[in-house]
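Chains, contacts and geometry: an overview
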Amino acid sequence: MHYNKIIILFLFLNLNTTFINAQNDLLEELDKEVKPTIQFQSPAFKALKIGNLQSTKIAEKGDIYLIVSHRFGPLKDGFDTFLGLDNANTKIELLYSFWKGIQFSISRESFRKTFAFAAKTLITKQSNKFPLNLVGYATINRDTELDQNRFTNFTLKDADRYSYSLQLLASRRFSKSFSFELAPTLIRENLQILEETGTANHNQFALGFGGRYKLSKRVSLNAEYVHNFSRDENSIYYNPYTFGIDIETGGHVFQLLFSNAQSSNEPGFISNASGDIAFGFNIVRVF
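What comes next concerns the included structure.

Rules used in this analysis
- Residues numbered from 1 in each chain as written.
- Predicted model: local features only at pLDDT ≥ 70, side-chain atom pairs only at ≥ 80, totals over all residues.
- Heavy atoms only, no water.
- Helix = DSSP H or I, 4+ residues; strand = E, 2+ residues; numbered from the N terminus.
- Buried < 20%, exposed > 50% of the residue type's maximum accessible area, 1.4 Å probe, protein only.
- Contact = heavy atoms within 4.5 Å.
- Phe/Tyr/Trp six-rings, centres within 6.5 Å; stacked < 30°, edge-to-face > 60°.

1. Topic: unusual backbone geometry
Residues apart from glycine generally show negative phi values, whereas peptide bonds are mostly found in trans. If you check the backbone angles, F82 has positive phi at about 55° while not being a glycine. Its place among the elements puts F82 in the loop between β1 (64-74) and β2 (88-99). Judged by relative accessible area, which is 48%, F82 ranks as partly exposed. Even without being glycine, L83 reaches a positive phi, approximately 60°. You can see L83 is positioned in the loop between β1 and β2.

Quick look at the structure:
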């Protein structure tokens, strides 16, 4: 009789354990259905810019970037300027990420002696649940080269020196080799010279396109184009385009490029591209 009680107790414990395990398995399956695992894709771009156009890459929290952008003179000047190498526009930018998913930068560009402040923030990443990387970007530019002596019909105000840009960057990594981006853009220029712009389009809408194709683990081809829908047909400026190559070397990224814009600031190259092709490069160093 004693042995029968032991056997019954053993069977009870075994059935109870089986029931608990089955219950846990069922709960795990239900949990997987209710809370599916989100798998993020690798970044669409390895550099912060495609060429001049911002990419959807954002600095990691605590990272410091030093970026040097150099644009030489037009190639059309030939050997009189050694294919433009005698003339150059340089931009030095310092960038830092205080918090995850957001970065800030300050820069100074010799083109129109422009100071700029910019912020970039992550909205969402491409994953098995969402098809795109979405990033917001905004910048404020101050042109310190403007001089009252250039204008005789009105008084130059401090606000006239400012221009602004607001962008939504949407990219997708279609494969291990190919990524593509769209960049709807709003530009605000407080001052426009009608002899150059044709009409006073202070608020402008533009749409940028950019892509990257990996040739190897460390080398890729990049290209971009921005169409400014607000440009007057009598404007002396052109829609900007850039194409080039990225070379990754550890903590550095070298971007060798050709562009028809001298400035690498958003209001500068989107609104005031000269149309003359010039060689340039970006050197990106992360600390």
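So much for the structure itself; the text now carries on.
2. Overview of the side chain of R212
Mapped onto the elements, R212 comes out in strand β8 (residues 203-214). The exposure class assigned to R212 is buried, which follows from its relative accessible area of 5%. Other than its neighbours up to four places away in sequence, R212 contacts A44, F45, K46, S177, F178, S179, S220, L221, N222 and E248.

3. Some details on the packing of aromatic side chains
Following the criterion strictly, the structure yields 15 aromatic pairs and no others. Judged by centre distance (5.6 Å) and plane angle (20°), the rings of F205 and F229 are stacked. One end of the pair, F205, is in strand β8; the other, F229, is in the loop between β9 (219-228) and β10 (241-249), with 24 residues separating them in the sequence. These aromatic residues form a ring-pair network of at least three members: F72, F243, F258, F279 and F281.

4. Observations regarding the environment of L166
Topologically, L166 is positioned in strand β6 (residues 162-173). Through-space distance from the C-alpha of L166 to that of A119 is 9.9 Å; in sequence the pair is 47 residues apart.

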